[in-house]
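Chains, contacts and geometry: an overview
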Amino acid sequence: MKLTGVYPSVVVDTAGRGVVSSAGGLLLTETVRVSGLATGLSEALAPWRAPTATHDPAKVLLDLAVSLALGGDCLADIALLRAEPELFGLVASDPTVSRALDRLAGDADKTLAAIDRARSAARAHVWSHAGSHAPDHQVSADAPLVVDLDATLVTAHSEKEDARATFKKGFGFHPLWAFIDHGPAGSGEPAAVLLRAGNAGSNTAADHITVATRALAQLPARLRRCRKVLIRADSAGGTHAFLAWAHRRRLAYSVGFTLPDNAADLIARLPAAAWTPAYDADRQPRPGAFVAELTGLMDLGGWPPGLRVIARKERPHPGAQLRITDVDGNRITAFATNTTRGQLADLELRHRRRARCEDRIRNAKDTGLSNLPLHDLDQNRIWCAIVALACDLIAWTQMLALADQPARRWEPKRLRHRLFSLAGRLAHHARRTTLHLPAHHPWAPLALHAITTLRALPAPG
């Protein structure tokens, strides 16, 4: 080897044998096996498979999901898997993939319901394998499982069905997501997504109820109507209809709350002793930030019984502009909850941790959501379901194979650069195929540990 400039100069040919790229993708395919997702999807989508078809529509969807998890963002990126048949099996051609999606989009509502049923069953298998690392482990009313709701804007760069002007002067879509939060030690799982036109309202109660209902269907049956589940949302979820629905379902909630026009008078009526220090992210008192309860000072007629309103005040960040509801140079925000126990500062910190959902959406945009590649709305609804499958596979891989590792919290980009993109060499001997990972690679031992961990887990019977 000799140097030319700052990089080594090497001779290149195409004579290599048994060399495979994206060998770390085995982590994802093993997660598919352990979760039972392939079998469940195949059974659920059987009505959409032609009698003489070579390719199962479930395998097509899973291949697309794996390609997105590996960094793709369009249908054609499935070619990465097609290039490595010894790792990923038989992969459909681009025309076959397009026809399969067209067939599924022809009855999108039933297709999406079938996919959701398969995801719910697979999620149950994964959580049972995860044990103490599962989100539903030892949940209670005091430590509930959190489901976050949040919407985002997705830009459309060409004319697509239902792409509309957005409230931020852009053009595209306004999907609403629900994510199951794994807490500070993990990431999160997408539970539901509703693809909406770009001009869809932010605080549309019907949409929030639809997404929350689908999200609850992804949880164990014992958690679908109890205070062991907390629905968390920003002020878009703080509507009478949505909170009334949550109250009827006996769910806990913590949502942003828009203060009335007389907020300044309410704040002025609070005695100084009513304000207690707010916490920062590490549960330490944050200088200059305070919380207090406004429930007893407000007319909450028409709101569900048990609703509490808690306010926070602090100096606005540099550059932020004060609003008409802000008082004495302090930024005033509020949220509503039906949780009756706990310190105000803890309840406010729990609500503020809703910001983790924004990270989940950002990662989803890095896993295919930033590009809705098809024209028809129903086709793009199927695409969003594929994005959710890809995010599920990444989260499940981390939960099952990387639970005690720093990689449990790695974002998709870092997982791709360090694990999924690993190259390897396949060796065949005595009817056995062995994948050799590079001995010098700093993350090869971690990949081997993760694959070995997954292979020790049984697939559903």
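Residues numbered from 1 in each chain as written. Predicted model: local features only at pLDDT ≥ 70, side-chain atom pairs only at ≥ 80, totals over all residues. Heavy atoms only, no water.

1. Points about the packing of aromatic side chains
- Applying the stated criterion across every chain, the model contains three aromatic pairs.
- Relative to F179, the ring of W177 lies with its centre 5.4 Å away and its plane at 25°, an arrangement referred to as stacked. A single burial state applies to W177 and to F179, both of which are buried.
- Ring geometry for F242 and W245: centres 5.7 Å apart, planes at 15°, overall stacked. A residue pair is termed a helical-turn pair when its members lie 3 or 4 positions apart in one helix, as F242 and W245 do in helix α9 (residues 240-248) at three residues. In this pair, the class of F242 matches that of W245, namely buried.
- Lying over the aromatic face of W275, K313 brings its terminal NZ or CZ to 4.5 Å of the ring centre.
- Taking the ring centre of W410 as reference, the NZ or CZ of R418 above it sits at 5.0 Å. (Phe/Tyr/Trp six-rings, centres within 6.5 Å; stacked < 30°, edge-to-face > 60°. Buried < 20%, exposed > 50% of the residue type's maximum accessible area, 1.4 Å probe, protein only. Helix = DSSP H or I, 4+ residues; strand = E, 2+ residues; numbered from the N terminus. Lys NZ or Arg CZ within 6 Å of the ring centre and 35° of its normal.)

2. Re the sheet that holds strand β17 (residues 432-436)
- Strand order in the open sheet formed by three strands is β3-β16-β17, and the pairing between neighbours is antiparallel. Either end of the sheet is taken by a strand with one partner, and the two such strands are β3 (19-20) and β17.
- The pairing of β3 with strand β16 (residues 424-429) spans two bridges and is classified as antiparallel. Considered in β16, the bridge of V20 is made with G424. (Pairing = 2+ DSSP bridges.)

3. Looking at the packing of helix α7 (residues 108-130) against helix α13 (residues 377-401)
- Between α7 and α13, the shortest axis-to-axis distance is 11 Å and the interhelical angle comes to 5°. Overall, the two elements α7 and α13 adopt an arrangement that is roughly parallel. Side by side, α7 and α13 meet where A108, D109, T111, L112, I115, R119, A122, R123, V126, W127, H129 and A130 of the first sit next to D378, R381, I382, A385, A388, L389, D392, W396, M399 and L400 of the second.
- Of the residues belonging to the contact of α7 with α13, the class tally is 14 nonpolar, two polar and six charged. (Axes fitted to C-alpha atoms, helices over the stretch in contact; angles between N-to-C directions. Parallel < 35°, antiparallel > 145°, perpendicular 65-115°, else oblique. Contact = heavy atoms within 4.5 Å. Nonpolar A, V, L, I, M, F, W, Y, C, P; charged D, E, K, R; others polar.)

4. Looking at helix α11 (residues 344-352)
- Within α11, seven of the nine residues are buried, leaving the element largely enclosed by the surrounding structure.
- Buried within α11 we find L344, A345, L347, E348, L349, R350 and H351.
- Its buried side turned inward, α11 meets β10 (229-233), β11 (252-256), β12 (276-279), β13 (285-293), β14 (308-314) and β15 (331-337).

5. Let's talk about unusual backbone geometry
- Despite not being glycine, R283 shows a phi value in the positive range, around 60°.
- On the basis of relative accessible area, R283 is assigned to the partly exposed category, the value being 41%.
- Phi at A430 is positive, roughly 50°, even though this residue is not glycine.
- Mapped onto the elements, A430 comes out in the loop between β16 and β17.
- Residue A430 is classed as exposed on the basis of its relative accessible area of 64%.

This is a description of form; function is not addressed.
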